[in-house]
Amino acid sequence: MAEIVQYRLEQMVGELEDLERRGLFTKNELKAIVKKRTKFEYALRRRRACRADFLRYVEYETNVDALRRQRKQRLEQKGGKTSLSDFSITQRIISIFERAVVRHSEDVMLWIQFIEFIKSRRRLSSGDKDDEDDGHTRLLGRVFARAISAHPYEAQLWIKAAAHELEINMNGNAARILLQRALRLIPDNQQVWIEYFRLEMLLVEKIKARRRVLGIDRGDVADEKAAEGESGFIDVPQLDAEESAEGGDSVVEKLTEQALAQLDRKQAAQLDLSEEKRAVMSQHTNAYLQGAVAQVVYEQAIRSISGDLEFRQEFLSILKQFSDTDKLRDLVLASIRRDFAADAHAQAFLCTEHLSSVSIESPDVVDALKQAVENFQNTLNELDSPKMWTEYVAFLVQWLDTCKDVDSLRLFFVALLTRAIAAIGEQRDIRLDAQLAVDCAHAMQKLDSFDTMSLLNWLADSTQRFPNSAELWLCRMEMLVSLSDDQAMGSVASTSRTTTLFENQALIQAPQSRSLWDLWFDWTEKCFSSQLITADQVQSRFMAALMRVMQQRTQAATSDGGSKQLAQLQSLVAHLQIRYVDWAWKLPAAHKALSPFGEIAHMKFNPDDENDDEEVVQEQTEGNVAAMRQACQNISRHAFPTLAFYRRCIELEPEAKNKVTLYEMACRVDESDAEAWLDYLRFLIDTRHLGQASVVFWRATKLVSEDRQAEFEAAYQNMLAK
């Protein structure tokens, strides 16, 4: 290993001498560079050289080269003969990347970084030397070939290679062949189809631009003649006498070149061609220029990927970037209309697609909006479903907010939205679902034509129709909570009625909604601050909530396919536990402690120890420590505490000894979790309990999962080093 490193260092001698001779680096700086390179070279020769080792070496060499360029520019050495140091660092970085992709050929991102580096060097050298630019171009082609060979199913590599052929090599046919090969391997990749379609449109656009420059199309010639006038002479700008005298020769040459170029264009446009040849060359009859190839690409794309609306919308967004695409645009819209006849979202898109090119300040916006409304109404006659009505209501609400400053349009959409909600209410059994009921409730809050009682009746009827909808219950209960202080609504939104509705219906029907539980405890804390309930009653509500959610979690754990639901319930349990502790922490000082829930927990907190200064952290006096500790005891005994809960308790606990107890219990929640052990070790090291940290580390190594062992030990060593 040492021999290879020494050989590589010896290859740098010429470069280092050149840098010193040109005054770009001092001897001491060069020694530091050699020392750093030696360290990197040994790191790369290790048996397990990781990707980060190569990238750190590349980053260092890139910084050295940037410094060399800055100093060269400052010393005004840009001109003159190119020396060894001008390209040796770039070659070294390329060599490092070469070794990296050989060692880690499976890493796609490493290949991409290699490609991007060569591109950046090509841009830097494009203004200096053509030979070096061509060398980078050829190298980039070889790297693309190797990368694609190693990862033939990576779409981004094919796309980047095609872009290189088109933009750098100016070879559209090669770019087309690359994307066609990619589609043979990955025919279900959307991005490749989209880029292939874009390529075909771009090639057609280039040909159209070239034809306009050459004046091949008769329409362009006619426009040109009209611009020149009936006389057929070229318009010559007025010249001052002084400019004519001083620069007469140059002006004459310029006008001569202009006249010759104009004559060449006219002659090219007026070639004696047969009608058949003119028909072939005409843009309006040439199938390729009309987008026939792009049409075939689109048809094959939707045949391979048939059920994705957003995929087809991407083609429409591409067509907006090019000219003369009405035919293709109509084809895409017709395919959406045909294949997504029962899809409400697709039909809504078709109704409003023309609005994407209209701004609110445009004079055509009124006609465009009326057309969109008419399209929606025609679609609703054919597709009278809750989802289609949901799309219609969402459209009306969106434009009501957009046109809120334009009175005429605002009144127009208010009337439409009022009629839409009334039409939905007339046939609720057919047109209404839970999501539409929520959207209508939010829309009714924006309209003056619906009073509070109408909205409450709507929400009451909707929660009865869809009792498991958490959004509906949240909307209804938020409305009742907001009305609780209104004396006029006291009979409807009284404290007892709201509490009963929470406990007996809302939380039972939607027990997994975090927002609904938060609203319930906001209401509970509001009642407590108003002295309507006691602290023990608040505790009872917290513990009842935890018991109910944990029961749901147990049922999800025993059912099949409930991993996502189980994770949501676990997160909800942790959230409620933390909220309980936070509430206890914020209790007024009059509540010295809370009542224990059931038996006293086995965890005993140590009393304040004023004599042990080393183990007492800076005391926190802004919270109710006694109440927080009792809440922690209640949960640790009765509510299956989570790791997040213990971490919150550790943040609030002022005593170091009690923190140790909490860390011990946190590690027992999941003994294989390395993060919990690392938090415990970090605390012990920060408080200078190194002996206890060593014991805890020995225990943790027996329990941490095997796939995290190396990472865990490295993190512990880093903590000790700091």
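Quick caveat: nothing in here was measured; it's all calculated off a predicted structure.

Points about the overall build of the protein
Along the protein, the regular secondary structure elements total 35 helices and zero strands. Intrachain contacts of the protein at a sequence separation of at least 6 include 65% that bridge at least 24 residues.

Regarding the pattern of salt bridges
Overall, the coordinates contain 44 salt bridges when judged by the stated rule. Between D18 and R22 there is a salt bridge, with its nearest N and O atoms 3.7 Å apart. Among the salt bridges present, the one from R431 reaches D384, with a minimum N-O distance of 3.2 Å. With R431 in helix α22 (residues 428-431) and D384 in the loop between α19 (365-382) and α20 (386-402), this residue pair connects regions lying 47 residues apart in the sequence. The class for R431 is buried, based on a relative accessible area of 11%. Take D384: its relative accessible area is 30%, and that puts it in the partly exposed class. The structure contains a network of salt bridges with shared partners spanning D18, R21, R22, D65, R68, R69, K72, D86 and R121.

Some words on the environment of S105
Relative to the assigned elements, S105 resides in the loop between α5 (85-103) and α6 (108-125). Under the relative-accessibility criterion, S105 is labelled partly exposed at 33%. S105 sits 45 residues away from A150 along the chain, and the two C-alpha atoms are 7.0 Å apart. Filtering out sequence-adjacent residues up to four positions away, S105 remains in contact with W111, A150 and H151.

Focus: empty space enclosed by the protein
Enumeration according to the criterion identifies two cavities of 30 Å³ or more in this entry. In this structure, the largest cavity spans a volume of roughly 40 Å³. Around the largest cavity sit M201, V204, E205, K208, L289, Q290, G291, S323, D324 and L328, which together line it. Sorting elements by how many residues they give to the lining of the largest cavity places helix α10 (residues 190-214) first, with four residues. Its residues assigned to classes, the lining of the largest cavity shows four nonpolar, three polar and three charged.

Notes on unusual backbone geometry
Of note in the backbone geometry, D324 takes a positive phi value of approximately 55° without being a glycine. Among the residues examined, D324 registers a relative accessible area of 53% and is labelled exposed. Positive phi is not limited to glycine here, since Q531 has a value of about 60°. Relative to the helices and strands, Q531 resides in the loop between α27 (514-529) and α28 (535-558). The exposure class of Q531 is exposed, given its relative accessible area of 71%.

A short note on the packing of helix α2 (residues 13-21) against helix α3 (residues 27-44)
Orientation of α2 relative to α3, taken along the N-to-C sense of each, is 155°, at an axis distance of 10 Å. Here α3 runs roughly antiparallel to α2, going by the angle between their axes. Handedness of the α2/α3 crossing: right-handed. Residues E15, L16, L19 and E20 of α2 form the contact with α3, whose participating residues are K27, L30, V34 and R37. The residue inventory of the contact of α2 with α3, partitioned by class, reads four nonpolar, no polar and four charged.

Regarding the packing of helix α26 (residues 495-509) against α27
Interhelical geometry of α26 versus α27 gives an angle of 155° and a closest axis separation of 12 Å. Judged by the angle between their axes, α26 and α27 are roughly antiparallel. Crossing handedness for the pair α26 and α27: left-handed. Contacts between α26 and α27 involve T495, T498, T499, F502, E503, A506 and L507 from the former and L516, W517, L519, W520, W523 and C527 from the latter.

Topic: helix α30 (residues 625-638)
Spanning 14 residues, α30 covers 20 Å between terminal C-alpha atoms, matching the ideal 20 Å at 1.5 Å per step. The buried fraction of α30 is high, at 11 of 14 residues. For α30, the set of buried residues is V625, A627, M628, R629, Q630, A631, C632, Q633, N634, I635 and S636. For α30, the elements touching its buried residues are α28, α29 (563-585), α31 (643-652) and α32 (656-669). Just downstream of α30 lies F640, where phi reads positive at about 45°.

Notes on the confidence of the model for the protein
Within the protein, residue pLDDT values average 83, and 83% of them lie at 70 or more. Confidence drops under pLDDT 50 across residues 220-252; counting only partners more than four residues distant or on other chains, this segment forms 20 contacts. Between residues 599-621, whose pLDDT stays under 50, and residues either more than four places distant or in other chains, the model counts 43 contacts.

Brief notes about the side chain of Q709
Turning to its location among the elements, Q709 is positioned in helix α35 (residues 709-721). Filtering out sequence-adjacent residues up to four positions away, Q709 remains in contact with T701 and V704.

What counts as what
Residues numbered from 1 in each chain as written. Predicted model: local features only at pLDDT ≥ 70, side-chain atom pairs only at ≥ 80, totals over all residues. Heavy atoms only, no water. Helix = DSSP H or I, 4+ residues; strand = E, 2+ residues; numbered from the N terminus. Contact = heavy atoms within 4.5 Å. Salt bridge = Lys/Arg side-chain N within 4 Å of Asp/Glu carboxyl O. Buried < 20%, exposed > 50% of the residue type's maximum accessible area, 1.4 Å probe, protein only. 1 Å grid on protein atoms, 1.4 Å probe; cavity = no way out; pocket = protein on both sides within 12 Å on 5 of 7 lines; lining within 4 Å. Points joined across faces, edges and corners; volume = space filled by probe spheres on them. Nonpolar A, V, L, I, M, F, W, Y, C, P; charged D, E, K, R; others polar. Axes fitted to C-alpha atoms, helices over the stretch in contact; angles between N-to-C directions. Parallel < 35°, antiparallel > 145°, perpendicular 65-115°, else oblique. Left-handed = near helix turned anticlockwise from the far one by under 90°. Expected span 1.5 Å × (residues − 1). pLDDT = per-residue confidence, 0-100.

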